[in-house]
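# Architecture and fold: a report
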Amino acid sequence: MTERVTEQLAVGDVVADHTYWITRENLIRYAGASGDFNPIHWNERVATSVGLPNVIAHGMLTMGLAGRLLTDWLGDPAAVVEYGARFARPVVVPDDDIGVAVRVAAAVTAVRDDGLVALELTVKVDDQKVLTQARALCRLPADRPSQS
Amino acid sequence: MPIDPSVVGRVYPPQFYEVSREKIREFAEAIGDANPAYVDTAAARGYGHGDVVAPPTFMMIIVMNGFDLLMKDLGIEFARVVHVDQRFTYSRSLPVGTRVEATTRLDGVRAVAGNDLLKIRTEVRDEQDGTDVCLSEATLLVRPEDLDGGDASD
């Protein structure tokens, strides 16, 4: 019998942690790939005219990066059963070559009998949460390698 | 001008979408995601899929098509819109070649501090057998028109 990986997880375990960088170039690529051409994500003049400090990242790009942390950990992208977040604070992207650092960590909030694991994602820029209520429900395959 | 609450309950015509190999690759590259299940059929098969699958947040592309319809219908320009929250509940994976239809419903409108909050529900189903693929629940904040000030020439 293959031991289920869920048996090795406990509430509070941080299963993954990574820092992602977002540059203006990433915003352009994401706009093209997603079809979201809202000018607040690439046009400083429009962004400031609607009261934003500067060009901001697509909320879905930030959520996509945080989702990467999950799928890198899980392996199978389709093992994410539920995924949601609130875009609590705009991620301002400077006009430089470095960009803005987004730190993402995933912690276990519940291990269910049906093999699903609930996770809470902490997503921060400069120690302030940019996503809140960032939660996912994932299915862990029985034969997933048991490294953390 | 605030959005008239009588528009709540509007359902927009289903939007069809076919998941393509190149769009999956382009989207995965845009989020910097090197997971082989997006580009390598053998890797995807290793997880039990028939072919490469889309990343979880790829679903937004499909959902956005319905948002576009709703925005046009209500006369809202995208520069006034801020995404407040987004949740996906997936019933199955989204492999290449899948044809889906997304039905968008305006579930609620609420005025908050001069802005309008729109609750939008999108049901994504397999076009062929009608089975559920994903449920999307989103909130959009629409800023009032007057903040756009003098930029109407865009």
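Quick look at the structure, then. Only a predicted model underlies this, so the values are computations on that prediction, with no experimental measurement involved. (Residues numbered from 1 in each chain as written. Chains lettered and ligands numbered in written order. Predicted model: local features only at pLDDT ≥ 70, side-chain atom pairs only at ≥ 80, totals over all residues.)

## Brief notes about the overall build of chain A
Condition: Counting from the N terminus, the helices are DSSP H or I runs at least four residues long and the strands are E runs at least two residues long. By the criterion used throughout, residues are in contact when their C-beta atoms, derived from the backbone, lie within 7 Å.
Across its full length, chain A holds 3 helices and 5 strands. Along chain A, from the amino end to the carboxyl end, the secondary structure elements read β-α-α-α-β-β-β-β. Dimensions of chain A along its principal axes, counting C-alpha atoms only, are 60 × 30 × 25 Å. A separation threshold of at least 6 residues defines the contact pool for chain A, and within that pool the share at least 24 residues apart is 64%.

## Things to note about the nonpolar core
Stated precisely, the cut-off is as follows: To count as a nonpolar core, a set of buried Ala, Val, Leu, Ile, Met, Phe, Trp, Tyr and Cys residues must be joined through C-beta atoms within 7 Å. Partly exposed residues are those whose C-beta has more than 12 but fewer than 20 other C-beta atoms within 10 Å; with 20 or more the residue is buried, with 12 or fewer it is exposed, and the C-beta atoms are placed from the backbone.
Formed by 76 residues in total, the largest nonpolar core has its most connected members in A:Ala66, A:Val102, A:Leu121, A:Leu131, A:Cys138, B:Ile24 and B:Met59. Among the elements that take part in this core, helix 3 (residues 59-74) of chain A stands out by supplying 8 residues, more than any other.

## With respect to the environment of B:Ile3
Residues and elements named next belong to chain B. Among the secondary structure elements, Ile-3 is positioned in the segment before strand 1 (15-18). Using a count of 18 C-beta atoms within 10 Å as the deciding quantity, one classes Ile-3 as partly exposed. The spatial distance from the C-alpha of Ile-3 to the C-alpha of Leu-118 is 9.3 Å, given a sequence separation of 115 residues. In this view, Ile-3 contacts Leu-74, Val-109, Asp-116 and Val-142; residues no more than four positions away in its chain are not counted.

## Quick notes on the pairing of strand 1 of chain B
Residues and elements named next belong to chain B. What counts, and what does not: Any two strands with at least two DSSP-identified bridges between them are counted as paired.
Alternating residues of strand 1 divide into Gln-15 and Tyr-17, all buried, and Phe-16 and Glu-18, none buried. As paired strands, strand 1 and strand 3 (residues 99-112) are joined by 4 bridges and run antiparallel to one another. Pairing of Glu-18 across the sheet is with Arg-99, part of strand 3.

## Comments concerning unusual backbone geometry
Comment: phi is negative for the bulk of residues other than glycine, and the bulk of peptide bonds are trans. Residues and elements named next belong to chain A. If you check the backbone angles, Asp-126 has positive phi at about 50° while not being a glycine. By the element assignment, Asp-126 lies in the loop between strand 4 (116-125) and strand 5 (128-139). For Asp-127, which is not a glycine, the phi torsion comes out positive at approximately 65°. Relative to the helices and strands, Asp-127 is located in the loop between strand 4 and strand 5.

## Side note on the pairing of strand 2 (residues 81-90) of chain B
As paired strands, strand 2 (residues 80-87) of chain A and strand 2 of chain B are joined by 5 bridges and run antiparallel to one another. Bridging across to strand 2 of chain B, A:Ala85 finds its partner in B:Gln86. For strand 2 of chain B and strand 5 (residues 132-142) of chain B, the ladder comprises 9 bridges, and the chain directions are antiparallel. In the sheet register, B:His83 faces strand 5 of chain B, and the bridge partner there is B:Leu140.

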